[in-house]
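Tertiary structure, described
The chain contents come next:
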Amino acid sequence: MPDERIPFATHAEHTVLGADEIVLNMGPQHPSTHGVLRVKLRLDGEKVIGSECVIGYLHRGVEKIAEHRTYTQFAPYVDRMDYVAAVSNGLGYCEAVEKLLGAEAPPRARVIRTILTELQRIASHLFWLGTHALDIGALTPLFYCLREREEILKIFEKFCGARLTTHAFRIGGLQYEAYDELESDVERFCKPFDKRVDEYESLLTENRIWVGRTKGIGILTAKEAIDYGASGPVLRASGVKWDIRKAMPYAAYDQYKFEIPTGKNGDTYDRYIVRMEEMRQSRLICLQAIENIPAGPIMGKVGKVLKPPPGEVYHAIEAPKGELGYYIISDGTTQPYRVRIRPPSLINLEAFDKMIRGHLVADVVAIIGTLDIVLGEVDR
Amino acid sequence: MVNDPEEKQPPASSPTDPSAPKTPAAGGEPASAPPAAPAAPAPPAAAKPPAPPAAAGAGAKPPAAPAAPAVGAKPPAAPRPPAPPAAPKEGPVALENDLVKRYKEKFGPAILEAWTDRKQAILVVARELLAEIAIYSRDDEKFDWLSDLTAVDWPKREKRFDVVLNMYSMEKNKRLRLKVHASADERVPSVQGIWSTANWMEREVYDMFGVIFEGHPDLKRILLPDEWQGYPLRKDYDILTQDTAWVRENLGIESGQ
C-alpha cells in the first residue's frame, strides 16, 4: 500500500492509474465535508490509496485585512474564522494584543472570559458531536446536541447580544458587565449537563454501528500526531497529555482543577471519547468559576488608541479544536504590521491523508468529522 | 511614532546589522561550524541596540567591527544584558543563556542574533543552515513540535523576507522562534522532511509571499487558485490592479470600483 508521502499529483496526474483504480472527487459542495472542502480520492475499488485536500474556497484574506485595520477594528474579524467557536477566537486575539501592549485584563474579566470560553468549548463540541454522528448515520444525537447548544447560545445572547459571531471580549477586558443572572444561568445549564453527556453516550458509546464505524478508523500514533503538528483533542486522543490550559495557563485557568482526558489508540473512537470527557471537564470549570467571580473593574488600563510598542508576540490558546495561535508584529503604529493566525483546523486537516490511506470511501466522512474542522478557519 | 517598517523592526534584526563576525554568514559560506569561541560572546552585547542604520554593515566582513556597535550602544543595554528581562517596558532584549550558548557552540557564526521580545526567545540563523539547525532543535533540544511556520515581508530591507518557525518543546514546556532572512530570489531550505506539518505551511508561505522552499516535494498554491497573479501578503501587492484586470477579463467592463 502506498504510504509514503508521495503527493497526490504524482499519483493521479503524472502516472497511469492501475486497472482497478479510479479518481473520485468529493466536494466542495458535499453535505459531509462541513463546508467547502474538496477532497480528491484515489481509489482501488472501495479502498482509498491516496488523497489530496483542495482548500481555499472560503479564503477571505483575513491576515491581509488585519494589516489595514487598527487593532480594535480587527477584533470582530477573528470571530468569522472558526464561527462555531467565536468566543475562543476572540479570547486568543485579545490576549495576544494585550501581551503585545504589556497590559493585562483585570481578574473579574479573566474569570468571565474563562466561563464564556468553556461554554463555547462545550457548544463547539456539541455541534461537532451532532454533525459527526449525523455523518456516520446516527440522526438522533443531533437534536439533543443542538438543544443544549441553544441554551449556551442564549447565554451568549444575553451577555453580548449575539449568538454566533459574538465579539464578546475587548482588548484589555470586557466591554459589557456580566448581566445579573449570568451565574444562575450558567449553573442552570451546567448542573444537569453531565446527565446530558451520559445521555449522548448512551446513544453512541456502546452502539455496535457506532463502534464499528469508528474503532480502528483513522489511526494517528502519538509520534505521527506530533510530526503532523496536530493539537487539541486529535493530539490528546493519540495519548499525548498536553493542553495549553495546563502547560501555559492563560485567562484564569490556573485557578481551577480539571483533568486532561487522553486516549490510547488515536482512532476516531478515542477522539470521540476524549471530546465527551472534555465537555464534562469544561462543565466542572464553569461550575468552579461561577462559585467565585471576583468583583472589580472589567477593563484594564489600555488607551483608547492602541499603539503597542514595536516588537512581536506569539500567543496561543487551547481553542476547542486545538492550538489557536496569533503571531502579531507591531511597528508602533495603530495597525498591526503583520498578523499570522495559526489555525488548528488547517493543521489538523493536514494529517487527513495519513489517516485515510487504506480505509474505505465511507470512512472519509468519519475522518473528516473526527478532525472537527471548520472551513472558515481552514481557509481564513 | 516611527512609521518606517525598517526602524521599528527590533533593532537587533536590522538586516545590515553590523555584528560583523556573524553577518557575513547570511550570504556567505558558514557551512562549517567552527566553535568560534571568541566570536560568540561578542555579538550578544552588540546584538541589542545597534540602532544606527549602519548601512556599511553589508560589506563589513572584518571581524574588527564588533567594536563599532559597542560604541553606539545605548547605555541601558549594558546594565541588563542577561535573559530575565526585568525591562521596564516591553520590547526586545538581548538574550544570552544556556540555550543560546549551546546553539552557538554547535553552529557558531550561523547563529546571527538572539534576543527576547515579550519574554519570548528568538534566534536569527543563517538561511543555508536552517535544515541542520531545525534537526538539531528537534532532536537535541527537543523542540519536537513545530507549531507554526510563516513569513513576514520587510520590503525596504535588502533581504526582504523573514521566514519564521515557531517551535515548541513539550518536554521543556518552552517555545523558541527561529528566523531566517531571505531576499526575493533566495531559496529557503524546506523543513518539510523534518516536520511533516511544514508541508502545507510552506505551501501557504509560497502562496502568500512567493518564497521558494528548496526541497519541498509539492510546492504549489494552497489557498488561492493556481492561476492567481502575485503574492497577496507582500507589502507591495497591488490589489486594485489585480481587481481591475480580473473585472476587465471576466466581466468585460472597465472597472468594478
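Residues numbered from 1 in each chain as written. Chains lettered and ligands numbered in written order. Predicted model: local features only at pLDDT ≥ 70, side-chain atom pairs only at ≥ 80, totals over all residues.

1. Re the overall build of chain B
Counting secondary structure elements, chain B contains 8 helices and 8 strands. Across the 257 residues in chain B, those meeting the buried criterion constitute 48%. Residue pairs in contact within chain B that sit at least 24 positions apart in sequence constitute 60% of those at least 6 positions apart. (Helix = DSSP H or I, 4+ residues; strand = E, 2+ residues; numbered from the N terminus. Buried ≥ 20, exposed ≤ 12 C-beta atoms within 10 Å, placed from the backbone. Contact = placed C-beta atoms within 7 Å.)

2. Concerning the interface of chain B and chain A
Taken together, the contact between chain B and chain A spans 37 residues of the former and 41 residues of the latter. Broken down by element, the residue count for the side of chain B that touches chain A peaks at 6 residues, all from strand S4 (residues 145–153) of chain B. Here the side of chain B that touches chain A is built from residues that sort into 17 nonpolar, 10 polar and 10 charged. (Nonpolar A, V, L, I, M, F, W, Y, C, P; charged D, E, K, R; others polar.)

3. Structural notes on helix H6 (residues 140–160) of chain A
A rise of 1.5 Å per residue sets the reference length of H6(A), with its 21 residues, at 30 Å; its end C-alpha atoms lie 31 Å apart and thus fit the reference within 8%. Next to the buried residues of H6(A) lie helix H5 (107–136), helix H7 (182–190) and helix H8 (193–204) of chain A. (Expected span 1.5 Å × (residues − 1).)

4. So, the sheet that holds strand S1 (residues 92–94) of chain B
All names here are of chain B. One open sheet accounts for 6 strands, arranged S1-S2-S3-S6-S5-S4; its pairing is mixed. Where the open sheet ends on each side, the last strands, each with one partner, are S1 and S4. Neighbour to neighbour, the strand axes of the sheet diverge by 25° on average, direction disregarded. Taken together, the 9 bridges between strand S5 (residues 161–169) and strand S6 (residues 174–182) define a ladder with antiparallel strand orientation. Opposite Met167, over in S6, you have Leu176 as the bridge partner. Sheet strands touched by helix H5 (residues 98–107): strand S2 (111–117) and strand S3 (120–125). Its angle to S2, the strand with the most contacts, is close to 170°. Along the sheet, helix H7 (residues 198–209) contacts S4 and S5; its crossing angle with S4, the most-contacted strand, is approximately 10°. (Pairing = 2+ DSSP bridges. Axes fitted to C-alpha atoms, helices over the stretch in contact; angles between N-to-C directions.)

Limitation: the analysis is restricted to geometry and does not speak to function.
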